[in-house]
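# Analysis of the macromolecular model
Given next are the chains, with one letter for each unit.
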Amino acid sequence: MSSSLQQWVDECEALTRPDRVHWCDGSDAEAARLTAEMLEDGTLHRLHPSFPGCFLHRSAPSDVARTENLTFICSRDPDDAGPTNNWMDPDEARARVGELFRGCMRGRTLYVVPYLMGPPDSPLGRVGVEITDSPYVVLSMRIMTRMGQVALDRLESNGAFVPGLHSVGELDPDRRFILHFPEDRLIWSYGSGYGGNALLGKKCFALRIASVLGRDEGWLAEHMLLMELEAPGGDRIYIAGAFPSACGKTSLAMLVSPLEAQGLRVRTLGDDIVWMRVGEDGRLWALNPEAGFFGVAPGTSRKTNPNALITARANSLYTNVAVSPDGIPWWEGIGFDPPPGLLDWQGRPWDGRGPAAHPNARFTAPARQCPSLSPAYDDPRGVPISAILFGGRRHQTVPLVYQSFDWEHGVFVGATMASRTTAAATAETNVLRRDPMAMLPFCGYHMGDYFRHWLDIGRRLTHPPLIFHVNWFRQDSAGRWLWPGYGENVRVLIWILERIRGRARAAETPIGWVPTPDSLHLEGLDMARPVLEELLRVDPAEWRAETPGVEEFFRKIGDRLPAALWSQLRALESRLASG
Ligand code: OXD
Ligand code: MN
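Computed from a prediction, not measured in an experiment: that's the story for all the values here. (Residues numbered from 1 in each chain as written. Chains lettered and ligands numbered in written order. Predicted model: local features only at pLDDT ≥ 70, side-chain atom pairs only at ≥ 80, totals over all residues. Heavy atoms only, no water.)

Before going further, it helps to examine the overall build of the protein. Each helix and strand counted, the protein has 16 helices and 29 strands in total. Against the 2.2 N^0.38 benchmark of 25 Å for 579 residues, the protein shows a C-alpha radius of gyration of 23 Å, consistent with a compact globule. Along the first, second and third principal axes, the C-alpha atoms of the protein reach 70 × 55 × 45 Å. In the protein, which comprises 579 residues, the share counted as buried stands at 61%. Long-range contacts, defined as pairs at least 24 residues apart, comprise 72% of the intrachain contacts of the protein with a sequence gap of at least 6. (Helix = DSSP H or I, 4+ residues; strand = E, 2+ residues; numbered from the N terminus. Rg over C-alpha atoms; globule rule 2.2 N^0.38 Å. Buried < 20%, exposed > 50% of the residue type's maximum accessible area, 1.4 Å probe, protein only. Contact = heavy atoms within 4.5 Å.)

What you see with strand β17 (residues 284-287) is no split at all: Leu284 and Ala286 on one side and Trp285 and Leu287 on the other are buried throughout. In terms of strand pairing, strand β16 (residues 274-278) meets β17 through four bridges, oriented antiparallel. Residue pairing for β17: Met276 is matched across the bridge by Ala286. Once β16 ends, the chain turns through five residues before running back antiparallel as β17, passing Gly282 with a positive phi of about 80°. (Pairing = 2+ DSSP bridges.)

Next up on the list: the sheet that holds strand β22 (residues 362-366). Pairing is mixed in the open sheet, where five strands are placed in the order β2-β3-β19-β22-β18. Looking along the sheet, the strands with just one partner apiece sit at the ends: β2 (45-46) and β18 (292-296). Taken together, the three bridges between strand β19 (residues 317-319) and β22 define a ladder with antiparallel strand orientation. Each bridged residue has a counterpart across the sheet, and for Tyr318 the counterpart in β22 is Phe363.

Let's shift gears to the site of ligand 1. If you check the shell around ligand 1, you find Arg66, Lys202, Lys203, His223, Ser245, Asp272, Phe294, Arg362, Ala424 and Phe442 and nothing else. In the model, an oxygen atom of ligand 1 is placed 3.1 Å from a nitrogen or oxygen of the Asp272 side chain. Contacts to ligand 1 include Arg362, whose side-chain N or O atom sits 3.0 Å from an oxygen atom. If ligand 1 stood free it would expose 210 Å²; the protein chains cover 95% of that surface. Here the residues of the shell around ligand 1 sort into three nonpolar, two polar and five charged. (Near = heavy atom within 4 Å. Polar contact = N/O pair within 3.5 Å; in protein donor to acceptor, adjacent residues only side chain to side chain. Areas by Shrake-Rupley, 256 points an atom, 1.4 Å probe, with all protein chains shown as cover. Nonpolar A, V, L, I, M, F, W, Y, C, P; charged D, E, K, R; others polar.)

The complete set of buried residues in helix α6 (residues 149-158) reads Ala151, Arg154 and Leu155. Angular distribution of buried residues about the axis of α6 spans 105°; they occupy a single face of the element. The exposed set on the far side of α6, more than 90 degrees from its buried face, consists of Glu156 and Ser157. Against α1 (3-16), β6 (109-117), β7 (126-132) and β8 (146-147) lie the buried residues of α6. Gly159 occupies a position one or two residues after α6 and carries a positive phi of about 85°. (Arc of directions from axis to C-beta.)

Taken domain by domain, the protein consists of domain 1 (3-43 + 70-218) and domain 2 (222-292 + 374-578). Using only C-alpha atoms to locate each centre, domain 1 and domain 2 end up separated by 31 Å. If you look at the interface, domain 1 gives 36 residues, while domain 2 gives 34 residues. In total, about 2900 Å² of surface goes out of reach between domain 1 and domain 2, with carbon and sulfur atoms giving 58% of it. Area buried by domain 1 at its contact with domain 2 is led by Thr84, Leu124 and Leu207, which between them contribute 21% of it. In this structure, the salt-bridge partner of Asp272 is Lys203, at a minimum N-O distance of 2.8 Å. On the surface where domain 1 and domain 2 come into contact, there are 20 residue pairs in polar contact (both at pLDDT 80 or more). The set of elements that each furnish at least two residues to the side of domain 1 that touches domain 2 consists of α3 (78-81), β6, α5 (135-144) and α8 (201-217). It is α8 that provides the largest number of residues to the side of domain 1 that touches domain 2, a total of 11 residues. Among the residues making up the side of domain 1 that touches domain 2, the classes are represented as 18 nonpolar, nine polar and nine charged. (Domains from an automatic or database assignment. Buried area = accessible area lost by both parts, 1.4 Å probe. Salt bridge = Lys/Arg side-chain N within 4 Å of Asp/Glu carboxyl O.)

Next up, the structure:
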């Protein structure tokens, strides 16, 4: 064992004063013992036998989502955190939150959780070690990462790891802090047991700290899904897609193609996080560092995402879903009526008023169980990316799909994307906010430097992926969805594939290349021509109304915003003026 790891564990033990220290090996026996203890103390509840190895967890009602307002980047220089992050002075953070950690594990067990992000033997793989007093976090990390001996083996050969100290504390939102020390590659999380706050391999390491590692070492850590599209004849391309939380990354990554009989099929590599590097061949190579899915349950049904239901049918944790008296999970949008005697997410008999499942209820399920998992999922090299998608929830203005003119314009498209907020974070929902590259809550450094890093990566790519923006959420004037979404999204992917092959037709508009109505493969889909035209419409007047918001956002980023993005904005304005 690495002496620096032992030393850090000793320091954490001295600070938090647990009754016991347990080093996790990730074994089945360990998981069975923790599960039995949590069933005993009521942290977990058994589900129906038709969900083997699955358990329900009900969180504290004030601890149901990521708390962006309590998440801080503690860089030495506040400018390195930039205007889009909360910043706390690192010394102040250590003093203030150190006080909360002092003695907080008395009466509890301190678990040491070594974990590997990325496939074993991948040059991009990284080790993290989480110290936590939550057995629910341990079981979740066992699903979401490659946990235990595999990580210790890797540590043995290289010694480097990202330490993360976590305690649920008192689960009090007034005593909750999610802290990142980018210079020390260190994470401290206190006062929450919720996935994005407490499973430190996920947002804290694989996005915020990894984005800083990527900046310093020349690669990218992104809030993206990763998927494979197989074309008739067996050709495969790989697509990465950045969408804000709870905007359908999981269902897109697990899409069941209605055109499978024609040889068009989608396979899954990841639904949330992608690490990407420039390959020696000048292409962008990507992998999913995670080993599981932490998916939003509400809205998941046999129609919207059958693969997710199958994936989470065994060996999974369900958090804050409703449940029938005999232990069948239920949530809004599951596709069948609530069973009699339903208990809501807090375990109370559901009275039919208000949501039964929390809108951010989750399943935590092993990737290996996903029926559509790509064989390339575990490839230590990752996969070469042919297309990058950016997208969000936009009810107006933004067409179903458009292609950027080139990489730099694509970076502008990603940098200026916006979306309606969802229940994945504790803040007002359904308000439009700029969420560049879907990284607003996850970029561990200054957003202007992050955009520059994207531009630099582009310069190193001799075969850059094409960049697209997609929007499944456009509505008509009566508020009805124009596009069916889910499996039918494959039709947009086909257009993208054909653009890559240089075959699909597109019309040049001020915002980029938009499909001509006849270039989309819509056979078998009942779509009236006026609806299609509305979906693809680019209205210069509506877009002119967008640009002041972009300008305001760029001004907020300040003088670290690359000049190239200002030029892109001015160029867009002039195309719109003549459009
Ligand atoms: C997530 C999120 O849980 O983005 O993936 O909130
Ligand atoms: Mn996410």
